[in-house]
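Read off the chains here:
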Amino acid sequence: PDEEGRREVLNIQLAGVPLEPGLSLDKLVAYLASTSAGYAGADLAQLCQEAKLSALKERSRGQSAPLRMAHFMAAQSNVAESRKVYQEDIAQPAS
């Protein structure tokens, strides 16, 4: 999707998700949409899922952990790496 389409996907994926104080959904979505050119909708969903899982791993028992920009930066790195491996795999001719 284009940048506007990525914004729509991200808004759907992040609806109702608690964010750290000072991190607005609009700014987060704008940043992620602008830095994810070439991502498919599934890549964006994976990005959000990985960030959510990272936050869950950090939470205390019985308390929710808000998502931080660091969660998204780490997730974006992981998604970018998996996209790179996939693109290398499809670029190699079959034996």
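Residues numbered from 1 in each chain as written. Predicted model: local features only at pLDDT ≥ 70, side-chain atom pairs only at ≥ 80, totals over all residues. Heavy atoms only, no water.

### Quick notes on the nonpolar core
Logical step 1: With 18 residues, the main nonpolar core has L10, L14, L28, L32, L47, L67 and F72 as its most contacted residues.
Logical step 2: Counting residues per element, the ones that place at least two in this core are helix 2 (25-34), helix 3 (41-58) and helix 4 (69-91).
Logical step 3: Take this core: its biggest share by element is five residues, from helix 3.
Logical step 4: Here L10 is in contact with V29, L32, A33, L44, L47 and C48, once residues within four sequence places are set aside. (Core = buried A, V, L, I, M, F, W, Y, C linked by side-chain atoms within 4.5 Å. Buried < 20%, exposed > 50% of the residue type's maximum accessible area, 1.4 Å probe, protein only. Helix = DSSP H or I, 4+ residues; strand = E, 2+ residues; numbered from the N terminus. Contact = heavy atoms within 4.5 Å.)

### Focus: the pattern of salt bridges
Logical step 1: Going through the model one piece at a time under the given rule, you end up with two salt bridges.
Logical step 2: Among the ionic pairs, R7 bridges to E3, the shortest N-O distance being 3.5 Å. Here the residue R7 and the residue E3 both occupy positions in helix 1 (residues 3-13), the gap between them amounting to four residues, near one helical turn.
Logical step 3: R7 sits in the partly exposed class, given a relative accessible area of 27%.
Logical step 4: Assessed through its relative accessible area of 33%, E3 is described here as partly exposed.
Logical step 5: Between R68 and E58 there is a salt bridge, with its nearest N and O atoms 2.6 Å apart. Of this pair, R68 sits in the loop between helix 3 and helix 4 while E58 sits in helix 3, and the two are 10 residues apart along the sequence.
Logical step 6: With a relative accessible area of 31%, R68 lands in the partly exposed category.
Logical step 7: Given the relative accessible area of 46%, E58 is considered partly exposed. (Salt bridge = Lys/Arg side-chain N within 4 Å of Asp/Glu carboxyl O.)

The quantities given are spatial measurements derived from coordinates; they are silent on function.
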